[in-house]
Amino acid sequence: MSMDNQAFAQCLSALPENPTATDYRGAASALLPYIEANVPPMGEGQSLSRLRFLTGVAHRDLGLARLIEGHLDATQILREAGCPAESGKLYGIWASGGPADTTDMTGGAEGEHGSARLTGAKPFCSGSDIVDRALIYVYPAEQLLDVDMRGAGSRERLRFEAGEWRSAAFAETHTWTVRFEDFPVTEENHVGGPQWYFHRPGFCLGALAPAACWAGGAMGLVDAVRQRKLKDGHARAHLGAMVSSVCSMNAMLRWGADQIDADPNNTSGTLFPSALLVRHHIERACTETLDRFGRTLGPRPFAFEEANARRIAELTLYIRQCHAERDLEEVGGYLEKHPQFCSSSQFPILPGK
Ligand SMILES: Cc1cc2nc3c(=O)[nH]c(=O)nc-3n(C[C@H](O)[C@H](O)[C@H](O)COP(=O)(O)OP(=O)(O)OC[C@H]3O[C@@H](n4cnc5c(N)ncnc54)[C@H](O)[C@@H]3O)c2cc1C
(Lines give C-alpha, C1' and ligand atoms only; values in the text may rest on other atoms or scores of the structure.)
Protein backbone atom coordinates (compact mmCIF):
# COMPACT_ATOMS: atom_id res chain seq x y z
CA MET A 1 0.00 0.00 0.00
CA SER A 2 1.43 3.43 -0.94
CA MET A 3 1.98 6.08 1.77
CA ASP A 4 -0.99 8.01 0.44
CA ASN A 5 -3.30 5.02 0.47
CA GLN A 6 -2.08 4.20 3.96
CA ALA A 7 -2.97 7.73 5.08
CA PHE A 8 -6.44 7.32 3.55
CA ALA A 9 -6.97 3.97 5.25
CA GLN A 10 -5.77 5.42 8.58
CA CYS A 11 -8.20 8.34 8.37
CA LEU A 12 -11.07 5.95 7.77
CA SER A 13 -10.07 3.46 10.44
CA ALA A 14 -9.70 6.28 13.01
CA LEU A 15 -13.42 7.04 12.67
CA PRO A 16 -15.32 5.44 15.58
CA GLU A 17 -18.08 2.93 14.85
CA ASN A 18 -20.76 5.35 16.02
CA PRO A 19 -19.40 8.77 15.06
CA THR A 20 -20.55 12.03 16.55
CA ALA A 21 -20.53 15.34 14.68
CA THR A 22 -17.18 16.09 16.34
CA ASP A 23 -15.80 12.79 15.02
CA TYR A 24 -17.05 13.67 11.54
CA ARG A 25 -15.44 17.06 11.73
CA GLY A 26 -12.15 15.45 12.81
CA ALA A 27 -12.23 12.73 10.14
CA ALA A 28 -13.20 15.11 7.34
CA SER A 29 -10.47 17.57 8.35
CA ALA A 30 -7.92 14.75 8.50
CA LEU A 31 -8.93 13.69 4.98
CA LEU A 32 -8.50 17.15 3.47
CA PRO A 33 -4.71 16.93 2.84
CA TYR A 34 -5.24 13.52 1.23
CA ILE A 35 -8.00 14.90 -0.96
CA GLU A 36 -5.98 17.94 -1.99
CA ALA A 37 -2.99 15.76 -2.93
CA ASN A 38 -4.69 12.73 -4.45
CA VAL A 39 -8.31 13.13 -5.50
CA PRO A 40 -8.44 14.28 -9.13
CA PRO A 41 -11.06 16.75 -10.39
CA MET A 42 -13.99 15.57 -12.48
CA GLY A 43 -13.69 15.74 -16.25
CA GLU A 44 -9.93 15.70 -16.56
CA GLY A 45 -9.37 12.08 -17.45
CA GLN A 46 -9.54 10.54 -13.98
CA SER A 47 -13.17 10.99 -13.02
CA LEU A 48 -13.47 7.33 -12.10
CA SER A 49 -10.73 7.68 -9.45
CA ARG A 50 -12.69 10.49 -7.85
CA LEU A 51 -15.87 8.43 -7.82
CA ARG A 52 -14.02 5.41 -6.46
CA PHE A 53 -12.64 7.54 -3.65
CA LEU A 54 -16.19 8.48 -2.66
CA THR A 55 -17.33 4.88 -2.93
CA GLY A 56 -14.47 3.93 -0.60
CA VAL A 57 -15.44 6.54 1.99
CA ALA A 58 -19.10 5.49 1.81
CA HIS A 59 -18.13 1.85 2.17
CA ARG A 60 -16.67 2.86 5.55
CA ASP A 61 -19.32 5.37 6.63
CA LEU A 62 -22.20 7.01 4.78
CA GLY A 63 -22.34 10.09 7.01
CA LEU A 64 -18.70 10.90 6.34
CA ALA A 65 -19.29 10.29 2.63
CA ARG A 66 -22.24 12.72 2.63
CA LEU A 67 -19.97 15.43 4.06
CA ILE A 68 -17.05 14.67 1.76
CA GLU A 69 -19.32 14.49 -1.28
CA GLY A 70 -20.55 18.02 -0.52
CA HIS A 71 -16.99 19.23 -0.03
CA LEU A 72 -15.83 17.77 -3.35
CA ASP A 73 -18.84 19.21 -5.17
CA ALA A 74 -18.25 22.67 -3.70
CA THR A 75 -14.53 22.71 -4.45
CA GLN A 76 -15.14 21.49 -8.01
CA ILE A 77 -17.67 24.31 -8.52
CA LEU A 78 -15.20 26.89 -7.20
CA ARG A 79 -12.51 25.52 -9.49
CA GLU A 80 -14.87 25.85 -12.42
CA ALA A 81 -15.70 29.42 -11.40
CA GLY A 82 -11.99 30.26 -11.34
CA CYS A 83 -11.98 30.98 -7.59
CA PRO A 84 -10.03 28.14 -5.99
CA ALA A 85 -11.16 26.79 -2.65
CA GLU A 86 -9.25 27.71 0.49
CA SER A 87 -6.81 24.96 1.34
CA GLY A 88 -7.56 23.03 4.53
CA LYS A 89 -11.15 24.28 4.77
CA LEU A 90 -14.15 21.95 4.76
CA TYR A 91 -16.93 23.12 2.44
CA GLY A 92 -20.62 22.35 2.11
CA ILE A 93 -23.01 23.09 -0.73
CA TRP A 94 -26.56 23.99 0.11
CA ALA A 95 -28.75 24.37 -2.95
CA SER A 96 -31.95 22.71 -1.83
CA GLY A 97 -35.03 24.71 -2.79
CA GLY A 98 -38.77 24.22 -2.34
CA PRO A 99 -41.18 25.94 0.01
CA ALA A 100 -38.96 25.47 3.09
CA ASP A 101 -36.20 27.53 1.44
CA THR A 102 -36.89 31.17 2.25
CA THR A 103 -33.41 32.57 1.63
CA ASP A 104 -33.24 35.88 -0.19
CA MET A 105 -30.83 38.77 -0.63
CA THR A 106 -31.92 42.25 0.25
CA GLY A 107 -30.24 45.61 -0.19
CA GLY A 108 -27.07 45.97 -2.23
CA ALA A 109 -24.11 48.20 -2.69
CA GLU A 110 -26.27 51.12 -1.66
CA GLY A 111 -27.79 49.23 1.30
CA GLU A 112 -27.84 50.30 4.89
CA HIS A 113 -24.39 48.86 5.65
CA GLY A 114 -22.91 49.12 2.18
CA SER A 115 -23.54 45.45 1.42
CA ALA A 116 -26.40 43.13 0.62
CA ARG A 117 -27.90 40.96 3.35
CA LEU A 118 -28.72 37.27 3.22
CA THR A 119 -31.87 36.43 5.14
CA GLY A 120 -34.15 33.44 5.54
CA ALA A 121 -33.93 29.70 6.09
CA LYS A 122 -32.11 27.09 3.98
CA PRO A 123 -33.18 23.47 4.60
CA PHE A 124 -31.06 20.32 4.14
CA CYS A 125 -27.70 21.89 5.04
CA SER A 126 -25.45 18.86 5.58
CA GLY A 127 -22.63 19.71 7.97
CA SER A 128 -24.40 22.94 8.96
CA ASP A 129 -22.25 23.66 12.02
CA ILE A 130 -19.44 21.32 10.94
CA VAL A 131 -18.17 22.95 7.74
CA ASP A 132 -15.92 26.01 7.54
CA ARG A 133 -17.48 27.47 4.42
CA ALA A 134 -20.61 26.84 2.38
CA LEU A 135 -21.81 27.55 -1.12
CA ILE A 136 -25.41 28.66 -0.86
CA TYR A 137 -27.80 29.05 -3.77
CA VAL A 138 -30.25 31.92 -3.32
CA TYR A 139 -33.16 31.22 -5.66
CA PRO A 140 -34.85 34.66 -5.83
CA ALA A 141 -31.50 36.29 -6.73
CA GLU A 142 -30.42 33.22 -8.78
CA GLN A 143 -27.02 33.68 -7.19
CA LEU A 144 -24.53 31.23 -5.71
CA LEU A 145 -22.70 32.61 -2.66
CA ASP A 146 -19.52 31.42 -0.93
CA VAL A 147 -20.02 32.11 2.76
CA ASP A 148 -17.61 31.86 5.68
CA MET A 149 -19.52 29.93 8.35
CA ARG A 150 -16.93 30.42 11.08
CA GLY A 151 -15.59 33.91 10.54
CA ALA A 152 -15.76 36.62 13.17
CA GLY A 153 -19.30 37.90 13.24
CA SER A 154 -20.69 35.06 11.09
CA ARG A 155 -21.95 32.98 13.97
CA GLU A 156 -24.11 35.74 15.43
CA ARG A 157 -25.86 36.12 12.06
CA LEU A 158 -26.71 32.41 11.85
CA ARG A 159 -29.08 30.09 13.64
CA PHE A 160 -29.01 26.32 13.35
CA GLU A 161 -32.43 24.69 13.58
CA ALA A 162 -31.55 21.21 14.74
CA GLY A 163 -34.94 20.06 15.97
CA GLU A 164 -36.54 19.49 12.57
CA TRP A 165 -34.37 16.45 11.69
CA ARG A 166 -36.27 13.54 13.26
CA SER A 167 -34.42 10.57 11.81
CA ALA A 168 -31.53 8.82 13.55
CA ALA A 169 -30.06 8.35 10.05
CA PHE A 170 -27.46 11.04 9.32
CA ALA A 171 -28.36 12.74 12.61
CA GLU A 172 -24.69 13.42 13.34
CA THR A 173 -24.06 15.06 9.96
CA HIS A 174 -26.17 17.92 11.31
CA THR A 175 -28.19 18.26 8.13
CA TRP A 176 -30.10 21.08 9.69
CA THR A 177 -31.95 24.13 8.51
CA VAL A 178 -29.70 27.19 8.67
CA ARG A 179 -31.39 30.53 9.25
CA PHE A 180 -29.51 33.61 8.10
CA GLU A 181 -30.31 36.88 9.79
CA ASP A 182 -29.04 39.98 8.03
CA PHE A 183 -25.90 38.10 7.05
CA PRO A 184 -23.72 40.60 5.12
CA VAL A 185 -22.67 39.57 1.60
CA THR A 186 -20.59 41.48 -0.92
CA GLU A 187 -19.52 40.87 -4.51
CA GLU A 188 -16.63 38.87 -3.06
CA ASN A 189 -19.10 36.24 -1.91
CA HIS A 190 -20.56 35.78 -5.40
CA VAL A 191 -19.56 32.63 -7.26
CA GLY A 192 -20.31 33.22 -10.95
CA GLY A 193 -23.07 35.53 -12.08
CA PRO A 194 -26.83 35.07 -11.75
CA GLN A 195 -27.94 31.59 -12.91
CA TRP A 196 -24.33 30.51 -13.51
CA TYR A 197 -24.68 27.64 -11.01
CA PHE A 198 -27.37 25.83 -13.01
CA HIS A 199 -26.16 26.73 -16.49
CA ARG A 200 -22.43 26.01 -16.18
CA PRO A 201 -21.17 23.09 -18.28
CA GLY A 202 -20.03 21.27 -15.16
CA PHE A 203 -23.49 21.06 -13.58
CA CYS A 204 -23.80 17.42 -14.65
CA LEU A 205 -20.32 16.54 -13.40
CA GLY A 206 -21.42 16.47 -9.78
CA ALA A 207 -24.47 14.29 -10.42
CA LEU A 208 -22.59 11.00 -10.27
CA ALA A 209 -21.01 11.65 -6.87
CA PRO A 210 -24.09 10.84 -4.75
CA ALA A 211 -24.55 7.64 -6.79
CA ALA A 212 -20.93 6.68 -6.05
CA CYS A 213 -21.73 7.09 -2.33
CA TRP A 214 -24.97 5.09 -2.56
CA ALA A 215 -23.00 2.31 -4.27
CA GLY A 216 -20.37 2.33 -1.50
CA GLY A 217 -23.10 2.07 1.12
CA ALA A 218 -24.63 -0.93 -0.62
CA MET A 219 -21.22 -2.57 -1.04
CA GLY A 220 -20.74 -2.30 2.73
CA LEU A 221 -23.95 -4.28 3.22
CA VAL A 222 -22.89 -6.90 0.69
CA ASP A 223 -19.57 -7.30 2.48
CA ALA A 224 -21.43 -7.74 5.76
CA VAL A 225 -23.17 -10.72 4.14
CA ARG A 226 -19.96 -12.06 2.61
CA GLN A 227 -18.31 -12.16 6.03
CA ARG A 228 -20.89 -14.60 7.39
CA LYS A 229 -21.28 -18.31 7.02
CA LEU A 230 -24.48 -18.57 5.02
CA LYS A 231 -26.95 -21.13 6.21
CA ASP A 232 -28.85 -22.18 3.12
CA GLY A 233 -29.21 -22.02 -0.64
CA HIS A 234 -31.56 -19.04 -0.46
CA ALA A 235 -28.89 -16.99 1.31
CA ARG A 236 -26.29 -18.06 -1.25
CA ALA A 237 -28.63 -17.12 -4.11
CA HIS A 238 -29.20 -13.69 -2.59
CA LEU A 239 -25.46 -13.20 -2.20
CA GLY A 240 -24.92 -14.09 -5.85
CA ALA A 241 -27.51 -11.53 -6.89
CA MET A 242 -26.03 -8.89 -4.58
CA VAL A 243 -22.52 -9.39 -5.94
CA SER A 244 -23.95 -9.09 -9.45
CA SER A 245 -25.34 -5.69 -8.37
CA VAL A 246 -21.93 -4.65 -7.05
CA CYS A 247 -20.41 -5.45 -10.46
CA SER A 248 -23.11 -3.60 -12.38
CA MET A 249 -22.86 -0.54 -10.13
CA ASN A 250 -19.11 -0.43 -10.72
CA ALA A 251 -19.66 -0.81 -14.47
CA MET A 252 -22.22 2.00 -14.55
CA LEU A 253 -19.95 4.34 -12.60
CA ARG A 254 -17.15 3.60 -15.04
CA TRP A 255 -19.46 4.25 -18.01
CA GLY A 256 -20.64 7.55 -16.50
CA ALA A 257 -17.08 8.63 -15.71
CA ASP A 258 -15.98 7.77 -19.28
CA GLN A 259 -18.81 9.92 -20.69
CA ILE A 260 -17.65 12.86 -18.59
CA ASP A 261 -13.96 12.49 -19.41
CA ALA A 262 -14.78 12.28 -23.13
CA ASP A 263 -16.87 15.45 -23.12
CA PRO A 264 -16.29 17.51 -19.94
CA ASN A 265 -17.91 20.63 -21.40
CA ASN A 266 -21.02 18.67 -22.33
CA THR A 267 -20.88 19.79 -25.94
CA SER A 268 -22.95 16.72 -26.86
CA GLY A 269 -25.64 17.68 -24.33
CA THR A 270 -25.84 14.04 -23.24
CA LEU A 271 -24.14 14.26 -19.85
CA PHE A 272 -27.28 14.99 -17.87
CA PRO A 273 -29.40 12.13 -19.23
CA SER A 274 -26.35 9.87 -18.93
CA ALA A 275 -25.95 10.83 -15.27
CA LEU A 276 -29.65 10.17 -14.68
CA LEU A 277 -29.27 6.69 -16.18
CA VAL A 278 -26.36 5.94 -13.85
CA ARG A 279 -28.18 7.32 -10.82
CA HIS A 280 -31.31 5.35 -11.65
CA HIS A 281 -29.41 2.11 -12.07
CA ILE A 282 -27.53 2.54 -8.82
CA GLU A 283 -30.62 3.58 -6.88
CA ARG A 284 -32.36 0.40 -8.11
CA ALA A 285 -29.33 -1.77 -7.31
CA CYS A 286 -29.19 -0.28 -3.79
CA THR A 287 -32.92 -0.85 -3.30
CA GLU A 288 -32.49 -4.45 -4.39
CA THR A 289 -29.49 -4.88 -2.10
CA LEU A 290 -31.40 -3.48 0.88
CA ASP A 291 -34.25 -5.88 0.12
CA ARG A 292 -32.03 -8.91 -0.37
CA PHE A 293 -29.96 -8.10 2.71
CA GLY A 294 -33.10 -8.31 4.85
CA ARG A 295 -34.37 -11.43 3.10
CA THR A 296 -30.97 -13.10 3.64
CA LEU A 297 -30.35 -12.25 7.29
CA GLY A 298 -33.79 -11.50 8.70
CA PRO A 299 -34.48 -8.83 11.31
CA ARG A 300 -31.45 -9.30 13.54
CA PRO A 301 -29.02 -6.89 11.80
CA PHE A 302 -31.81 -4.28 11.67
CA ALA A 303 -32.46 -4.59 15.39
CA PHE A 304 -29.28 -5.70 17.12
CA GLU A 305 -26.31 -4.67 14.96
CA GLU A 306 -25.65 -0.99 15.42
CA ALA A 307 -23.43 -0.41 12.38
CA ASN A 308 -25.66 -2.39 9.99
CA ALA A 309 -28.84 -0.87 11.37
CA ARG A 310 -27.40 2.61 10.85
CA ARG A 311 -26.15 1.80 7.36
CA ILE A 312 -29.54 0.40 6.35
CA ALA A 313 -31.34 3.50 7.65
CA GLU A 314 -28.86 5.88 6.04
CA LEU A 315 -28.74 4.14 2.66
CA THR A 316 -32.55 4.02 2.60
CA LEU A 317 -32.65 7.78 3.17
CA TYR A 318 -29.67 8.70 0.99
CA ILE A 319 -31.04 7.07 -2.18
CA ARG A 320 -34.14 9.24 -1.83
CA GLN A 321 -31.97 12.08 -3.11
CA CYS A 322 -32.67 10.69 -6.56
CA HIS A 323 -35.85 12.17 -7.92
CA ALA A 324 -37.25 8.76 -8.85
CA GLU A 325 -39.84 8.82 -11.66
CA ARG A 326 -39.38 12.57 -12.11
CA ASP A 327 -35.83 11.81 -13.34
CA LEU A 328 -36.98 8.91 -15.50
CA GLU A 329 -39.60 11.15 -17.10
CA GLU A 330 -36.79 13.56 -17.95
CA VAL A 331 -34.81 10.74 -19.59
CA GLY A 332 -37.90 9.61 -21.51
CA GLY A 333 -38.50 13.19 -22.72
CA TYR A 334 -34.88 13.42 -23.83
CA LEU A 335 -35.22 10.14 -25.72
CA GLU A 336 -38.27 11.44 -27.58
CA LYS A 337 -36.17 14.31 -28.91
CA HIS A 338 -32.94 12.31 -29.34
CA PRO A 339 -33.94 8.81 -30.45
CA GLN A 340 -30.30 7.81 -31.05
CA PHE A 341 -29.30 8.38 -27.42
CA CYS A 342 -28.04 5.07 -26.00
CA SER A 343 -29.65 3.20 -28.90
CA SER A 344 -28.34 -0.06 -30.27
CA SER A 345 -26.45 1.95 -32.90
CA GLN A 346 -24.32 3.34 -30.07
CA PHE A 347 -23.92 -0.09 -28.46
CA PRO A 348 -23.59 -2.14 -31.68
CA ILE A 349 -25.28 -5.52 -31.50
CA LEU A 350 -23.70 -6.72 -34.74
CA PRO A 351 -19.94 -6.63 -35.29
CA GLY A 352 -18.86 -3.73 -37.53
CA LYS A 353 -17.25 -4.41 -40.89
C1 LIG B 1 -29.35 12.91 3.83
C2 LIG B 1 -29.58 14.08 2.94
C3 LIG B 1 -28.68 15.12 2.97
C4 LIG B 1 -28.89 16.23 2.12
N5 LIG B 1 -27.95 17.24 2.14
C6 LIG B 1 -28.09 18.26 1.29
C7 LIG B 1 -27.10 19.29 1.22
O8 LIG B 1 -26.11 19.31 1.95
N9 LIG B 1 -27.30 20.30 0.34
C10 LIG B 1 -28.41 20.34 -0.47
O11 LIG B 1 -28.52 21.26 -1.26
N12 LIG B 1 -29.35 19.39 -0.44
C13 LIG B 1 -29.23 18.36 0.42
N14 LIG B 1 -30.19 17.40 0.46
C15 LIG B 1 -31.47 17.67 -0.23
C16 LIG B 1 -31.66 17.05 -1.59
O17 LIG B 1 -30.69 17.36 -2.48
C18 LIG B 1 -33.05 17.47 -2.12
O19 LIG B 1 -33.20 18.82 -2.08
C20 LIG B 1 -34.05 16.78 -1.29
O21 LIG B 1 -33.97 15.45 -1.65
C22 LIG B 1 -35.47 17.32 -1.34
O23 LIG B 1 -35.95 17.45 -2.63
P24 LIG B 1 -37.47 17.32 -2.96
O25 LIG B 1 -38.31 17.46 -1.72
O26 LIG B 1 -37.74 18.23 -4.11
O27 LIG B 1 -37.62 15.81 -3.38
P28 LIG B 1 -38.05 15.22 -4.74
O29 LIG B 1 -37.80 13.74 -4.64
O30 LIG B 1 -37.46 15.92 -5.89
O31 LIG B 1 -39.60 15.52 -4.79
C32 LIG B 1 -40.49 15.04 -3.81
C33 LIG B 1 -41.87 15.43 -4.22
O34 LIG B 1 -42.79 15.05 -3.21
C35 LIG B 1 -43.61 16.14 -2.89
N36 LIG B 1 -43.99 16.06 -1.49
C37 LIG B 1 -43.17 15.97 -0.41
N38 LIG B 1 -43.89 15.94 0.73
C39 LIG B 1 -45.19 16.01 0.36
C40 LIG B 1 -46.42 16.02 1.06
N41 LIG B 1 -46.44 16.00 2.41
N42 LIG B 1 -47.56 16.08 0.35
C43 LIG B 1 -47.56 16.11 -1.00
N44 LIG B 1 -46.43 16.12 -1.73
C45 LIG B 1 -45.26 16.08 -1.07
C46 LIG B 1 -42.75 17.36 -3.17
O47 LIG B 1 -43.51 18.50 -3.42
C48 LIG B 1 -42.00 16.94 -4.43
O49 LIG B 1 -42.75 17.17 -5.59
C50 LIG B 1 -30.02 16.28 1.26
C51 LIG B 1 -30.92 15.22 1.25
C52 LIG B 1 -30.71 14.12 2.07
C53 LIG B 1 -31.72 13.00 2.01
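Everything below is about the structure shown above.
Residues numbered from 1 in each chain as written. Predicted model: local features only at pLDDT ≥ 70, side-chain atom pairs only at ≥ 80, totals over all residues. Heavy atoms only, no water.

Points about the sheet that holds strand S3 (residues 116-125)
Logical step 1: Spatial ordering of the open sheet is given by S2-S3-S7-S6, a layout of 4 strands whose pairing is antiparallel. Both outer strands of the open sheet, strand S2 (104-106) and strand S6 (158-161), are each paired with one neighbouring strand and no more. On average, each strand axis in the sheet is tilted by 10 degrees relative to the strand beside it, whichever way the strands run.
Logical step 2: Summarising the sheet, S2 and S3 pair through 3 bridges and their orientation is antiparallel. The residue of S3 that forms the bridge with Asp104 is Thr119. (Pairing = 2+ DSSP bridges. Helix = DSSP H or I, 4+ residues; strand = E, 2+ residues; numbered from the N terminus. Axes fitted to C-alpha atoms, helices over the stretch in contact; angles between N-to-C directions.)

As for the sheet that holds strand S1 (residues 91-94)
Logical step 1: The mixed open sheet is built from 4 strands, whose spatial order is S1-S4-S5-S8. Every interior strand has two partners, whereas the edge strands, S1 and strand S8 (190-191), have only one.
Logical step 2: Both S1 and strand S4 (residues 133-138) contribute to a ladder of 4 bridges, which runs parallel. Its bridge partner being in S4, Trp94 is matched across the sheet by Ile136.
Logical step 3: Running over the sheet, helix H4 (residues 62-81) touches S1, S4, strand S5 (143-148) and S8 and is turned about 85 degrees from S1. (Contact = heavy atoms within 4.5 Å.)

Let's talk about the site of the ligand
Logical step 1: Near the ligand, the surroundings consist of 14 residues, among which Ile93, Ala95, Ser96, Ser126 and His323 are the closest.
Logical step 2: In the environment of the ligand, a nitrogen atom lies 2.8 Å from a nitrogen or oxygen atom belonging to the backbone of Ile93.
Logical step 3: Contact between the ligand and Arg326: an oxygen atom at 3.0 Å from a side-chain N or O atom of the residue.
Logical step 4: Here the ligand loses 53% of its free accessible area of 990 Å² to cover by the protein chains.
Logical step 5: Residues of the shell around the ligand, tallied by class, amount to 7 nonpolar, 5 polar and 2 charged. (Near = heavy atom within 4 Å. Polar contact = N/O pair within 3.5 Å; in protein donor to acceptor, adjacent residues only side chain to side chain. Areas by Shrake-Rupley, 256 points an atom, 1.4 Å probe, with all protein chains shown as cover. Nonpolar A, V, L, I, M, F, W, Y, C, P; charged D, E, K, R; others polar.)

Here's the deal with helix H10 (residues 306-318)
Logical step 1: An ideal rise of 1.5 Å per residue puts 18 Å on 13 residues; H10 measures up with 18 Å between its terminal C-alpha atoms.
Logical step 2: The inward-facing, buried residues of H10 contact helix H2 (21-38), helix H3 (47-60), H4, helix H6 (208-226), helix H8 (271-297) and helix H9 (300-304). (Expected span 1.5 Å × (residues − 1).)

Let's talk about the packing of aromatic side chains
Logical step 1: Applying the stated criterion across every chain yields a total of 17 aromatic pairs.
Logical step 2: Judged by centre distance (5.7 Å) and plane angle (85 degrees), the rings of Tyr197 and Phe203 are edge-to-face.
Logical step 3: Its relative accessible area of 27% is what places Phe203 among the partly exposed residues.
Logical step 4: In textbook terms, an aromatic cluster arises when at least three aromatic residues are bridged by ring pairs, as seen for Tyr137, Tyr139, Tyr197, Phe198, Phe203 and Phe272.
Logical step 5: Between the NZ or CZ atom of Arg200 and the centre of the ring of Trp196, over which it lies, the distance is 5.6 Å. (Phe/Tyr/Trp six-rings, centres within 6.5 Å; stacked < 30°, edge-to-face > 60°. Buried < 20%, exposed > 50% of the residue type's maximum accessible area, 1.4 Å probe, protein only. Lys NZ or Arg CZ within 6 Å of the ring centre and 35° of its normal.)

What to know about the nonpolar core
Logical step 1: One finds Phe53, Leu64, Ile68, Leu118, Trp214, Ile282 and Leu315 to be the most contacted residues of the largest nonpolar core, which totals 87 residues.
Logical step 2: In terms of residue count, H6 provides more of this core than any other element does, 13 residues in total.
Logical step 3: Sequence-distant contacts of Ile282, that is, excluding residues within four places in its chain, are made with Ala211, Trp214, Ala215, Met249 and Leu253.
Logical step 4: One finds Ala74, Leu78, Ile93 and Tyr197 within the second-largest nonpolar core, a separate group that totals 12 residues. (Core = buried A, V, L, I, M, F, W, Y, C linked by side-chain atoms within 4.5 Å.)

Topic: helix H7 (residues 233-262)
Logical step 1: The end-to-end C-alpha separation of H7 is 43 Å, in line with the 44 Å expected for 30 residues at 1.5 Å each.
Logical step 2: One side-chain oxygen of the residue at the start of H7 lies 3.2 Å from the amide nitrogen of His234, identifying that residue as Asp232.

Brief notes about the side chain of Thr270
Logical step 1: Along the chain, Thr270 falls in the loop between H7 and H8.
Logical step 2: Non-local contacts of Thr270, meaning those with residues more than four positions away in its chain, are made with Tyr334 and Phe341.

So, the pattern of salt bridges
Logical step 1: For the structure on display, the rule yields 18 salt bridges.
Logical step 2: Taking the shortest distance from any N to any O, the salt bridge between Glu80 and Arg200 comes out at 3.2 Å. Here Glu80, found in helix H4, pairs with Arg200, found in the loop between helix H5 (196-199) and H6; they are 120 residues apart in sequence, far enough to count as distant.
Logical step 3: Note that Arg179 is salt-bridged to Glu161, the shortest N-O span being 2.6 Å. Within this pair, whereas Arg179 is found in strand S7 (residues 176-185), its partner Glu161 is found in strand S6, the two being separated by 18 residues in sequence.
Logical step 4: Classification of Arg179 by relative accessible area gives partly exposed; the value is 27%.
Logical step 5: Taking the relative accessible area as the measure of exposure, Glu161 reaches 17% and is therefore buried. (Salt bridge = Lys/Arg side-chain N within 4 Å of Asp/Glu carboxyl O.)

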